[in-house]
Amino acid sequence: QVQLVESGGGLVQAGGSLRLSCAASGRTFSNYAMGWFRQAPGKEREFVAAITLGGGRTYLSDSVKGRFTISRDNAKNTVYLQMNSLKPEDTAVYYCAARLGAVAANRLQVDYWGQGTQVTVSS
């Protein structure tokens, strides 16, 4: 089992920034590709960002490219999502996700989920 605990969510004005963190425990962190998904009210959970085992490659959805950055620190068993130039449409619950070996491109490929952290962007 892998336990994932997110932190860093909150309320921010449009144009502002937040950094989400996800601390992992339970298994060897460097064996898992990590990612972030989000779910707005009434919508399906959608892919936001992902990062490979060693952090050498990252993937971002078109809606966040140029504004969000994903990174990881394998020594700290933590993955981060830096969110800049936030927009009201970024408002959602953000979930940390782990998949053994390969990046999860959609929610069906995720092995483990965090409990989620709320991000609210006011206009």
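Just so you know, these numbers come straight off a predicted model, no measurement behind them. (Residues numbered from 1 in each chain as written. Predicted model: local features only at pLDDT ≥ 70, side-chain atom pairs only at ≥ 80, totals over all residues. Heavy atoms only, no water.)

**Some remarks on the state of the cysteines**
Under the definition given, this model contains one disulfide. Disulfide pairing is shown between C22 and C96; the S-S distance is 2.1 Å. What sets the handedness of the C22 and C96 disulfide is the S-S torsion sign, and at about -85° it is left-handed. You can see C22 sitting in strand β3 (residues 18–25) and its partner C96 sitting in strand β9 (residues 92–100), a full 74 residues away along the chain. Exposure class is identical for C22 and C96. Each is buried. (Disulfide = S-S within 2.5 Å. Helix = DSSP H or I, 4+ residues; strand = E, 2+ residues; numbered from the N terminus. Buried < 20%, exposed > 50% of the residue type's maximum accessible area, 1.4 Å probe, protein only.)

**Notes on the side chain of T117**
Relative to the helices and strands, T117 is located in strand β11 (residues 117–122). Here G9 takes part through its backbone nitrogen, which lies 3.3 Å from a polar atom of the side chain of T117. In contact with T117, not counting residues within four places along its chain, are E6, G9, L20, A92, V93 and Y94. (Polar contact = N/O pair within 3.5 Å; in protein donor to acceptor, adjacent residues only side chain to side chain. Contact = heavy atoms within 4.5 Å.)

**Quick notes on the packing of aromatic side chains**
For any pair of aromatic rings, the description rests on two quantities: the centre-to-centre distance and the angle between the ring planes. Taken as a whole, this structure holds four aromatic pairs when the rule is applied. An angle of 75° between the planes, with centres 5.2 Å apart, marks the rings of F37 and W113 as edge-to-face. Taken together, the positions of F37 in strand β4 (residues 32–39) and W113 in strand β10 (residues 112–113) put the pair 76 residues apart, joining distant regions of the chain. An aromatic cluster of three or more residues is present, and its members are F37, F47, Y95 and W113. (Phe/Tyr/Trp six-rings, centres within 6.5 Å; stacked < 30°, edge-to-face > 60°.)

**Let's talk about the pattern of salt bridges**
Counted under the stated rule, the structure contains five salt bridges. Note that R107 and E44 form a salt bridge whose closest N and O atoms lie 3.9 Å from each other. Taken together, the residues R107 in the loop between β9 and β10 and E44 in the loop between β4 and β5 (46–51) connect sequence positions 63 residues apart. Classification of R107 by relative accessible area gives partly exposed; the value is 38%. (Salt bridge = Lys/Arg side-chain N within 4 Å of Asp/Glu carboxyl O.)

**Considerations on the sheet that holds strand β8 (residues 78–83)**
As summarised here, the arrangement of the four strands in space is β1-β3-β8-β7, forming an open sheet in which the pairing is antiparallel. Edge positions in the open sheet fall to β1 (3–7) and β7 (68–73), since each of these has one partner strand only. Strand-to-strand twist of the sheet, defined as the mean angle between neighbouring strand axes without regard to direction, takes the value 15°. Summarising the sheet, β7 and β8 pair through six bridges and their orientation is antiparallel. Across the sheet, the residue bridging to F68 is M83, located in β8. (Pairing = 2+ DSSP bridges. Axes fitted to C-alpha atoms, helices over the stretch in contact; angles between N-to-C directions.)

**Comments concerning the side chain of R72**
Inspection of the secondary structure assignment puts R72 in strand β7. It turns out R72 is buried and unbridged, and the closest side chain with the opposite charge, D73, is 8.3 Å from it. Side-chain polar atoms of R72 contact the backbone oxygen of F29, separated by 3.0 Å. Looking at R72, its side chain comes within polar contact range of the side chain of N74, at 2.7 Å. Apart from residues no more than four positions distant in its own chain, R72 is found in contact with F29, S30, Y32, A33, M34, I51, T52, L53, G54, G55, T78 and V79. (Lys, Arg positive; Asp, Glu negative; His and termini not counted.)

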